[in-house]
Amino acid sequence: MRTWLSNVFRAAATLGAGMHVTLRTFVQSYRRRAFTEHFEYPERPVPVRPRYRGFHRYDLTTCIGCDKCARACPVDCIYIGKEKAAPPLKGFVVTGFAIDYTKCMFCALCVDPCPVDCIFMGSNHDISTYTRDGCVVDYAKLPLEVAWGQATLNPTAVHESKRVALPVWTKAGEPSKT
Ligand code: SF4
Ligand code: SF4
């Protein structure tokens, strides 16, 4: 009888100890709230450090097509298309500015040589796609607020840009100032 009572007591104590751990974890996770409640990803981007090197931001309206970024890239993954600007304008009209993210290693070596500061590393870290073609982003075909705006590059916009034949903005379209 004494052994039986002892076994019952130990079983109840073990069960109580297990339930205590379960209950403590439940209360902690209830207080802490789920990860998705903190960040609401992907609707709201996860906070990153100020010097985080994510997908680029690029301003087509400032770029002069000098090729310095493409030459600085150690893996040759920047492809720039350009044409001579029609007179009276000088320089080039940038018709394409594609970066192949299957090759890019986010080293930021393309940022420093830019003489007009129109390319930066952004804070986006996610551009999931179903095809490799989706990894080639032509910033000249993206709406400016997506290409230059912070944390707005997204797979839907990249997919839409594949249908665009001409760059979204060209200097040839500007009225002459003379
Ligand atoms: S971050 Fe580095 S690898 Fe990527 S495009 Fe710029 S220079 Fe090339
Ligand atoms: S270095 Fe700057 S201005 Fe020159 S092509 Fe690259 S992004 Fe454009």
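Quick look at the structure, then.

What counts, and at which threshold
Residues numbered from 1 in each chain as written. Chains lettered and ligands numbered in written order. Predicted model: local features only at pLDDT ≥ 70, side-chain atom pairs only at ≥ 80, totals over all residues. Heavy atoms only, no water. Near = heavy atom within 4 Å. Nonpolar A, V, L, I, M, F, W, Y, C, P; charged D, E, K, R; others polar. Helix = DSSP H or I, 4+ residues; strand = E, 2+ residues; numbered from the N terminus. Buried < 20%, exposed > 50% of the residue type's maximum accessible area, 1.4 Å probe, protein only. Lys, Arg positive; Asp, Glu negative; His and termini not counted. Salt bridge = Lys/Arg side-chain N within 4 Å of Asp/Glu carboxyl O. Contact = heavy atoms within 4.5 Å.

## Considering the site of ligand 2
- Taken together, 15 residues lie around ligand 2, and C63, C66, D67, C69 and C114 are the ones closest in.
- When the residues that make up the shell around ligand 2 are grouped by side-chain class, the tally is twelve nonpolar, one polar and two charged.

## What to know about the side chain of D100
- As for its position among the elements, D100 is in strand β3 (residues 92–100).
- Despite being buried, D100 has no salt bridge partner; K103 is the closest side chain of opposite charge, sitting 5.1 Å away.
- Sequence-distant contacts of D100, that is, excluding residues within four places in its chain, are made with C77, Y79, C135 and V136.

## Focus: the pattern of salt bridges
- Inspection of every chain in the model, using the stated rule, returns four salt bridges.
- A salt bridge links D133 to K162; the shortest N-O distance between them is 3.8 Å. One end of the pair, D133, is in the loop between β4 (119–121) and β5 (136–138); the other, K162, is in the segment after α5 (155–161), with 29 residues separating them in the sequence.
- Residue classification places D133 among the partly exposed residues on the basis of a relative accessible area of 48%.
- On the basis of relative accessible area, K162 is assigned to the partly exposed category, the value being 34%.
- Between D138 and K141 there is a salt bridge whose closest N-O contact spans 3.0 Å.
- Residue class for D138 comes out buried when judged on its relative accessible area of 17%.

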